[in-house]
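# Structure at a glance
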Amino acid sequence: MDILDVLLDEENCAPITLCDEDHRAINFEQVAVIPYKDKIYCILKPLDCIDGVADDEAIVFYVDESGEKNELRAELNQMDAMCVFEEYYDLLEEDMLKRRGQR
């Protein structure tokens, strides 16, 4: 199944499994999908231990659509990763305000 189909499937609650440089499978929980600067980003929280990543941290990935099949790549640009997190926090705040208005 294409990674975009997995990310955009609202019914999918299964972990997303990616391989690191050593071909070790690492499971992630999907937190959010964020369109930003003509790319599709996702925020994934590791379910398995990753050196240098705290238990309460998440990682920003982008969908690389340049190959034969779509792949997830870690966003290495710190500024872009922070902007994606800011977009996520803005969406959370908007959702919270909408929910308050419905009461």
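See the structure above.
So, here's what we can say about the structure. Residues take numbers from 1 onward in each chain, read along the sequence in its written order. Per-residue local features of the predicted model are confined to residues with pLDDT of at least 70, and side-chain atom pairs are confined, for both listing and counting, to 80 or more; whole-chain, interface and lining totals are unaffected and use all residues. Each side-chain value is worked out from all heavy atoms of the structure, with water and hydrogens disregarded.

### Notes on the sheet that holds strand S1 (residues 16–19)
Any two strands are treated as partners once DSSP identifies two or more bridges connecting them. Going along the chain from the N terminus, every DSSP run of H or I of four or more residues is numbered as a helix, and every run of E of two or more is numbered as a strand. What the five strands build is an open sheet, ordered S1-S2-S3-S4-S5; its pairing is antiparallel. Two strands close off the open sheet at either side, each with one partner strand: S1 and strand S5 (71–74). On average, each strand axis in the sheet is tilted by 50° relative to the strand beside it, whichever way the strands run. As judged from the four bridges shared by strand S4 (residues 59–64) and S5, these two strands associate in the antiparallel manner. Considered in S5, the bridge of Val 63 is made with Leu 72. Against the sheet, helix H2 (residues 78–101) touches strand S2 (25–36), strand S3 (39–46) and S4, its axis set at about 75° to S2. Helix axes are fitted only over the stretch in contact, all axes being lines through C-alpha atoms; the angle between N-to-C directions runs from 0 to 180 degrees. Here a residue-residue contact requires only that any non-hydrogen atoms of the pair lie within 4.5 Å.

### Observations regarding the nonpolar core
As used here, the term nonpolar core means buried Ala, Val, Leu, Ile, Met, Phe, Trp, Tyr and Cys residues forming a set that is joined through side-chain atoms within 4.5 Å. The rule is simple: take the accessible area with a 1.4 Å probe, protein chains only, and divide by the maximum for that residue type; under 20% is buried, over 50% is exposed, in between is partly exposed. Among the nonpolar cores identified, the biggest contains 14 residues, and Leu 44, Phe 61 and Leu 72 are the most heavily contacted of them. At the level of elements, helix H1 (3–8), S1, S2, S3 and S4 are the ones that each hand at least two residues to this core. In terms of residue count, H1 provides more of this core than any other element does, four residues in total. With near-sequence residues (within four places) excluded, Leu 72 lies in contact with Ile 3, Leu 7, Leu 18, Cys 42, Leu 44, Phe 61, Tyr 62 and Val 63.

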